[in-house]
Amino acid sequence: AGTACKNRPLDLVFIVDSSRSVRPEEFEKVKIFLSEMIDTLDVGERTTRVAVVNYASTVKVEFPLRTYFEKASLKEAVSRIEPLSAGTMTGLAIHTAMEEVFTEEMGTRPATLNIPRVVIVVTDGRPQDQAQGVAASARAAGVEIYAVGVGRADMQSLRGLASEPLQEHVFYVETYGVIEKLTSRFRETFCAVDVCALGTHGCQQLCVSNGASHLCDCYEGYTLNPDKRTCSAVDMCAPGRHECDQICVSNNGSYVCDCYEGYTLNPDKKTCSAMDMCAPGRHDCAQVCLSNDGSYSCGCYEGHTLNPDKKTCSIWMWIDILLCNGRHGCEQLCLGGDSSSSCDCHQGYSLSPDRRRAITSSLVTTEESCKCEAIVALQDSVTSRLEALSTK
């Protein structure tokens with residue numbers, strides 16, 4: 001049958017003729033046939049259930065569908081079956097199967113489960129009752145009937161018992177000695193082709209066997225489209241589907257978390273923490289970096305002011321004046337520096353070795369003298385203004 005074949009679940013009833021025409025050794029061959037058939041089936045409570053009805057002029061239910069769910073116990077029960085001798089009441093045997101075996105109380109599964117109900121009749125003679133009418137009623141009730149004729153069996157009667165198409169439901173062997181050859185035929189007959197194994201299912205992602213049929217399914221993170229064959233990625237970043245603290249990034253049916261600028265992903269790969277933007281190499285501030293919840297701003301040291309570029313700093317102009325406010329000791333000019341001062345001279349003068357007094361280096365013209373006086377006057381004016389401010 002190959003890897004693509006799997007026995008479909010059945011509720012299977014063997015109806016075997018043990019009339020006088022079937023010799024004891026021939027009936028043993030029938031039991032071997034039944035045992036070999038059981039070996040080919042997927043026997044179990046949820047798979048194939050098996051019952052045996054023995055008949056001649058009377059009918060005996062050897063065991064119903066609810067009794068055995070293991071091959072070993074089934075075959076042991078078959079080995080204990082004894083022939084009933086006289087008569088060939090095939091119609092009565094089928095009727096008994098319908099009334100006493102194909103019931104939920106006796107182990108037949110509900111019709112809603114769509115488990116096929118199957119009968120295999122094995123006989124070597126002509127029915128001695130109205131078997132065809134009984135068989136027709138059984139078929140109308142949904143039972144599928146296979147007829148196996150041996151030796152002297154009447155082919156016309158077999159056709160009257162079996163379901164359509166007859167070429168698939170009527171079997172004949174010349175002697176009980178070769179009945180075992182039918183085992184492979186039934187194995188193929190009861191084979192449910194596993195479409196998923198054959199690869200002809202048409203499913204885009206997953207194929208799930210369902211008895212003789214199949215269903216398509218999708219990988220995690222995908223959903224089945226209305227065509228029931230293809231799949232589409234689920235938006236895993238839709239609200240309520242992810243656990244990301246800040247940013248969710250869809251990733252082919254899955255997702256990864258990310259963070260806003262200035263934040264870094266924590267080891268849990270879900271939450272975020274603010275980065276220290278003032279760490280060395282992360283900012284452009286010339287003097288002071290102020291961290292601000294994942295961002296930063298620049299500041300300056302005391303006595304400096306932030307330039308328009310918001311990064312660099314310049315010394316505060318009033319510091320230049322204050323540092324030179326009458327306390328510098330310079331004879332002529334005081335130059336304010338970065339929190340300190342130095343002395344300098346007017347044109348025509350040079351700084352003495354003490355770095356404070358001015359030494360005449362050339363004649364000073366009237367024009368230069370005026371310039372010097374103007375500079376001194378400016379300094380006096382600034383000094384007076386500062387002193388006035390400080391007394392307020």
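Calculation criteria
- The numbers attached to residues start from 1 for each chain and follow its sequence in the written order.
- Only residues with pLDDT of at least 70 get local features here, since the model is predicted, and only at 80 or more are side-chain atom pairs given and counted; chain-wide, interface and lining totals rely on the full set of residues.
- Calculation of side-chain values draws on the structure's entire complement of heavy atoms; hydrogens and water are dropped beforehand.
- UniProt positions are given in the numbering used here, feature names are shortened, and annotations may be inferred rather than shown by experiment.
- Here, any two strands with at least 2 DSSP bridges between them count as paired.
- Numbering of helices and strands runs from the N terminus, with a helix taken as a DSSP run of H or I at least four residues long and a strand as a DSSP run of E at least two residues long.
- Every angle, taken between N-to-C directions, lies between 0 and 180 degrees, and every axis is a line fitted to C-alpha atoms, over only the stretch in contact when it is a helix.
- Between two residues, a contact is recorded if the distance between any of their heavy atoms is within 4.5 Å.
- With a 1.4 Å probe rolled over the protein chains alone, any residue whose accessible area is under 20% of its type maximum counts as buried; one over 50% counts as exposed, and the rest are partly exposed.
- Each direction from the helix axis to a C-beta atom contributes to the arc, which is the arc of those directions.
- Here, a salt bridge means any side-chain nitrogen of Lys or Arg that lies within 4 Å of a carboxyl oxygen of Asp or Glu.
- What counts as a disulfide here is a pair of cysteine sulfur atoms lying within 2.5 Å.
- Here a polar contact is taken to be a pair of N or O atoms separated by no more than 3.5 Å, where protein atoms must pair a possible hydrogen donor with a possible acceptor and residues adjacent in sequence count only if both atoms sit in side chains.
- Among buried residues, those of type Ala, Val, Leu, Ile, Met, Phe, Trp, Tyr and Cys that are joined through side-chain atoms within 4.5 Å constitute a nonpolar core.

As named in an unreviewed UniProt entry, the protein is Matrilin-3, taken from Prunella himalayana. Of the protein, the UniProt comment under Function (unreviewed entry) reads exactly: "Major component of the extracellular matrix of cartilage and may play a role in the formation of extracellular filamentous networks." Its UniProt record gives the protein the following Subcellular location (unreviewed entry) comment, quoted word for word: "Secreted".

**Student:** Just give me the short version of the sheet that holds strand E3 (residues 49-55), but keep the residues and values in it.
**Tutor:** With mixed pairing, six strands are arranged side by side in an open sheet as E4-E3-E2-E5-E6-E7. Edge positions in the open sheet fall to strand E4 (59-63) and strand E7 (170-173), since each of these has one partner strand only. Within the sheet, the average angular offset between the axes of one strand and its neighbour, ignoring direction, is 20°. As judged from the six bridges shared by strand E2 (residues 11-17) and strand E5 (residues 117-123), these two strands associate in the parallel manner. Bridge pairing in E5 places Phe14 opposite Ile120. Relative to E7, helix H7 (residues 182-189) is tilted by about 165°, and along the sheet it contacts E5, strand E6 (143-150) and E7.

**Student:** Before we move on, could you go through helix H2 (residues 71-79) and cite the residues and values that matter?
**Tutor:** Residues spaced three or four apart along an α-helix face the same direction, because each turn holds 3.6 residues. All buried positions along H2 are accounted for by Leu74, Ala77 and Val78. Down the axis of H2, the sector holding all buried residues measures 100°, keeping them to one side. The inward-facing, buried residues of H2 contact helix H1 (24-40), E3 and E4.

**Student:** Lay out the pairing of E4 with the relevant residues and their values.
**Tutor:** Where E3 meets E4, four bridges bridge the pair, whose relative direction is antiparallel. Looking across to E4, one finds that Asn54 is bridged to Lys60. Hairpin remark: E3 followed by E4, antiparallel, with three residues in the connecting loop.

**Student:** Can you lay out the pattern of salt bridges for me, pointing to particular residues and giving the numbers?
**Tutor:** On inspection of all chains with the given rule, the structure shows ten salt bridges. Here Asp124 and Arg152 are joined by a salt bridge, their closest N and O atoms 3.4 Å apart. Of the two residues, Asp124 is situated in the loop between E5 and helix H4 (131-140) and Arg152 in the loop between E6 and helix H5 (155-161); the sequence distance between them amounts to 28 residues. Here Lys311 makes a salt bridge to Asp284, at a shortest N to O gap of 3.6 Å.

**Student:** Give a detailed account of the state of the cysteines, specifying residues and quantitative values.
**Tutor:** Scanning the entire structure with this criterion turns up eight disulfides. Between the sulfur atoms of Cys218 and its disulfide partner Cys231 the distance amounts to 2.0 Å. As the torsion about the S-S bond is roughly -90°, the Cys218-Cys231 disulfide counts as left-handed. Taken together, the positions of Cys218 in the loop between strand E10 (213-217) and strand E11 (222-224) and Cys231 in strand E12 (residues 231-233) put the pair 13 residues apart, joining distant regions of the chain. Neither Cys218 nor Cys231 differs from the other in exposure class; each is buried. Here Cys244 pairs with Cys257 through a disulfide, and the sulfurs are 2.0 Å apart. Residues Cys244 and Cys257 are joined through a disulfide that is left-handed, its torsion about the S-S bond being -85°. One end of the pair, Cys244, is in the loop between E12 and strand E13 (247-251); the other, Cys257, is in strand E14 (residues 254-258), with 13 residues separating them in the sequence. For the pair formed by Cys244 and Cys257, the shared burial category is buried.

**Student:** Residues and numbers for the side chain of Gln246, please.
**Tutor:** Assignment of secondary structure puts Gln246 in the loop between E12 and E13. Given the relative accessible area of 18%, Gln246 is considered buried. Here Tyr260 takes part through its backbone nitrogen, which lies 2.6 Å from a polar atom of the side chain of Gln246. Beyond its immediate sequence surroundings of up to four residues, Gln246 is in contact with Asp258, Cys259, Tyr260, Tyr263 and Cys272.

**Student:** I'd like a description of unusual backbone geometry, backed by residues and values.
**Tutor:** Note the cis peptide between Glu164 and Pro165, where omega equals -10°. Within the element layout of this structure, Pro165 appears in the loop between H5 and helix H6 (166-169). A positive phi angle, near 60°, is found at Lys269, a position not held by glycine. In this fold, Lys269 is placed in the loop between strand E15 (263-265) and strand E16 (272-274).

**Student:** Describe the nonpolar core, and please don't skip the residues or the numbers.
**Tutor:** Counting 34 residues, the largest nonpolar core has Phe14, Ile120, Ile179, Phe186 and Phe190 as the members making the most contacts within it. Mapped onto this core, the elements with two or more residues apiece are E2, H1, E3, H2, E5, E6, E7 and H7. For this core, the leading source of residues is H1, giving six residues. In this structure, Tyr55, Leu65, Ala147 and Ala162 belong to the second largest nonpolar core, which totals 24 residues.

**Student:** Before we move on, could you go through the pairing of E14 and cite the residues and values that matter?
**Tutor:** Looking along a regular strand, one sees side chains alternate from face to face of the sheet. Bridge count for E13 against E14 is five bridges, and the pairing is antiparallel. From the neighbouring strand, Ser250 faces E14, where its bridge partner is Tyr255. Counted between consecutive antiparallel strands, the loop separating E13 from E14 contains two residues, among which Asn252 sits at a positive phi close to 55°.

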